Amino acid sequence: MTRGIALVRRPGHRLAEGLVTHIERTDVDIARARQQHEAYRTALADAGWQVHEVDPADQCPDAVFVEDTVVVCDGLAVVTRPGAPERRPEIAGAEKAVREAGLDVVRIEAPGTLDGGDVLQVGDTVYVGLGGRTNDEGVAQLAAHLASRGRTVVPVPLREVLHLKSAVTALSDGTLLALPDLFDTGALGRPVRAIDEEAGCHVVPLGGDLVLLAASAPRTAALVADLGFTPVVVDISEYEKLEGCVTCLSVLIPRA
Ligand SMILES: CN(C)C(=N)NCCC[C@H](N)C(=O)O
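- Looking up the protein chain in an unreviewed UniProt entry gives the name Dimethylargininase, with the organism given as Micromonospora siamensis.
- Here the protein chain is described in UniProt, under the heading Sequence similarities (unreviewed entry), as follows: "Belongs to the DDAH family."

Re the UniProt feature "active site" (unreviewed entry) in the protein chain
Turning to step 1, where the next piece is worked out: In the UniProt entry, the feature "active site" (unreviewed entry) is given for His 163 and Cys 248. Taken together, the annotated residues stretch across 86 residues yet fold into one region, lying no more than 10.2 Å apart by C-alpha. The subset of these annotated residues that lines the largest cavity comprises His 163 and Cys 248.
Turning to step 2, where the next piece is worked out: The topology assignment puts His 163 in the loop between strand 8 (152–157) and strand 9 (168–170).

A few points about the environment of Thr 42
Turning to step 1, where the next piece is worked out: Inspection of the secondary structure puts Thr 42 in helix 1 (residues 30–46).
Turning to step 2, where the next piece is worked out: The exposure class assigned to Thr 42 is partly exposed, which follows from its relative accessible area of 40%.
Turning to step 3, where the next piece is worked out: Each C-alpha atom, one on Thr 42 and one on Val 234, is 9.9 Å from the other, the two residues being 192 residues apart in sequence.

Overview of the site of the ligand
Turning to step 1, where the next piece is worked out: Around the ligand, 17 residues are found, and the nearest of them are Asp 62, Glu 67, Arg 87, Arg 133 and Leu 242.
Turning to step 2, where the next piece is worked out: Contact between the ligand and Leu 19: a nitrogen atom at 2.8 Å from a main-chain N or O atom of the residue.
Turning to step 3, where the next piece is worked out: In isolation the ligand offers 390 Å² of accessible surface; the protein chains occlude 100% of this area.
Turning to step 4, where the next piece is worked out: Split by residue class, the shell around the ligand holds six nonpolar, four polar and seven charged.

Some thoughts on the sheet that holds strand 6 (residues 119–122)
Turning to step 1, where the next piece is worked out: If you walk across this open sheet you meet the three strands as 6-7-8, and the pairing is mixed. Each edge of the sheet is formed by a strand with only one pairing partner; in this case those strands are strand 6 and strand 8. Adjacent strand axes in the sheet meet at a mean angle of 25 degrees, parallel and antiparallel pairs treated alike.
Turning to step 2, where the next piece is worked out: Across six bridges, strand 7 (residues 125–130) lies against strand 8 in parallel orientation. By the bridge assignment for strand 8, Gly 129 is matched with Val 156.
Turning to step 3, where the next piece is worked out: Running at roughly 165 degrees to strand 7, helix 3 (residues 136–147) makes contact with strand 6, strand 7 and strand 8 of the sheet.

Comments concerning the sheet that holds strand 13 (residues 210–214)
Turning to step 1, where the next piece is worked out: If you walk across this open sheet you meet the three strands as 12-13-14, and the pairing is mixed. Each having just a single partner strand, strand 12 (204–207) and strand 14 (230–234) make up the two edges of the open sheet. On average, each strand axis in the sheet is inclined to that of its neighbour by 35 degrees, with strand direction left out of account.
Turning to step 2, where the next piece is worked out: Alignment of strand 12 against strand 13, held across three bridges, turns out to be antiparallel. In the sheet register, Val 204 faces strand 13, and the bridge partner there is Leu 212.
Turning to step 3, where the next piece is worked out: Of the strands in this sheet, strand 12, strand 13 and strand 14 are in contact with helix 1, which crosses strand 14 at around 155 degrees.

Digging into helix 1
Each α-helix winds once per 3.6 residues, and so residues spaced three or four apart point in a common direction.
Turning to step 1, where the next piece is worked out: The end-to-end C-alpha separation of helix 1 is 24 Å, in line with the 24 Å expected for 17 residues at 1.5 Å each.
Turning to step 2, where the next piece is worked out: For helix 1, the set of buried residues is Ala 33, Gln 36, His 37, Tyr 40, Arg 41, Ala 43 and Leu 44. Take helix 1 and look down its axis: the buried residues cluster within an arc of 155 degrees, on one side only. Within helix 1, the exposed residues directed more than 90 degrees away from the buried face are Gln 35 and Asp 46.
Turning to step 3, where the next piece is worked out: Of the residues flanking the start of helix 1, the one acting as N-cap is Asp 29, its side-chain oxygen 3.1 Å from the backbone nitrogen of Ala 31.

Let's talk about the pairing of strand 13
Turning to step 1, where the next piece is worked out: Of all five residues in strand 13, five are buried; the element is thus mostly enclosed.
Turning to step 2, where the next piece is worked out: Where burial is concerned, the two faces of strand 13 agree: the one with Leu 210, Leu 212 and Ala 214 and the one with Val 211 and Leu 213 are both buried.
Turning to step 3, where the next piece is worked out: Here strand 12 folds back onto strand 13 in antiparallel fashion, the turn holding two residues, of which Gly 208 has a positive phi close to 60 degrees.
Turning to step 4, where the next piece is worked out: Direction of pairing for strand 13 relative to strand 14: parallel, over a ladder of five bridges. Its bridge partner lying in strand 14, Ala 214 is registered against Val 234.
Turning to step 5, where the next piece is worked out: After leaving strand 13, the chain enters helix 4 (residues 218–226) and then returns to the sheet as strand 14, a path that is right-handed.

Some thoughts on empty space enclosed by the protein
Turning to step 1, where the next piece is worked out: Counted under the stated rule, the structure contains one cavity of 30 Å³ or more.
Turning to step 2, where the next piece is worked out: Considered as a void within the structure, the largest cavity measures approximately 100 Å³ in volume.
Turning to step 3, where the next piece is worked out: Considering the residues around the largest cavity, the lining is formed by 14 residues, among which Phe 65, Arg 87, Leu 162, Leu 242 and Glu 243 are closest to the centre.
Turning to step 4, where the next piece is worked out: Grouping the amino acids of the lining of the largest cavity by side-chain chemistry returns six nonpolar, three polar and five charged.

Analysis parameters
- Residues numbered from 1 in each chain as written.
- Predicted model: local features only at pLDDT ≥ 70, side-chain atom pairs only at ≥ 80, totals over all residues.
- Heavy atoms only, no water.
- UniProt positions renumbered as here; feature names shortened; annotations may be inferred.
- 1 Å grid on protein atoms, 1.4 Å probe; cavity = no way out; pocket = protein on both sides within 12 Å on 5 of 7 lines; lining within 4 Å.
- Helix = DSSP H or I, 4+ residues; strand = E, 2+ residues; numbered from the N terminus.
- Buried < 20%, exposed > 50% of the residue type's maximum accessible area, 1.4 Å probe, protein only.
- Near = heavy atom within 4 Å.
- Polar contact = N/O pair within 3.5 Å; in protein donor to acceptor, adjacent residues only side chain to side chain.
- Areas by Shrake-Rupley, 256 points an atom, 1.4 Å probe, with all protein chains shown as cover.
- Nonpolar A, V, L, I, M, F, W, Y, C, P; charged D, E, K, R; others polar.
- Pairing = 2+ DSSP bridges.
- Axes fitted to C-alpha atoms, helices over the stretch in contact; angles between N-to-C directions.
- Contact = heavy atoms within 4.5 Å.
- Expected span 1.5 Å × (residues − 1).
- Arc of directions from axis to C-beta.
- Right-handed = clockwise from strand over helix to strand, strands pointing away.
- Points joined across faces, edges and corners; volume = space filled by probe spheres on them.

Here it is, written out as structure tokens:
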């Protein structure tokens, strides 16, 4: 029995041209990025997820960061309208994939913008980062869509950081792991656990006690293990050069 479907999208040949906003551009090794993506897919499959590949969008360098194109909540898929216009052609393939997965589908419409990387779901609360990519209108549209699923949306203003999930994510017990300097943690309305390494605040609960995190966060992997979870560690160095993290490379659709 699988845990559900994990949507991924393979890196395209233009990956190295991906956007960088808050870090300096460094060379991306495409061959290495492909190997890392394969290992990432294997980690998801080994954790019990049925890996499904979204159609390629190779003209879009950032298409591998499929999380930004769709938000899935309780059987509903909200197809986003990415804040970076050059990423908008990525959404067609994502919409096709969620329709094939049998989800109800709605969209963020102009002038709203929303990136999936700004959306952090913790129980019935959905925190949404307000920064360079997601605007007030996008948050309002998301809130209206998710009200049908009983979710409450809480906007979180960001500082110098790409997405909310670049700065905070949650373990399956609701513990928030955060880099507090990057946003107003008070907006979350609950305590956070401050993490002392950048990639450490990026975790993906994979079901059961499994927690996916990056090899660049060894101290956080140890912390996660101390908290009673089992870290699943993947090297995603080539994606980190493009401000990517473990959350960005997949969209998990839990089995109903
Ligand atoms: C949580 N994060 C960080 C994401 N979901 N997406 C990362 C996208 C990175 C891409 N170069 C860009 O700038 O769009």
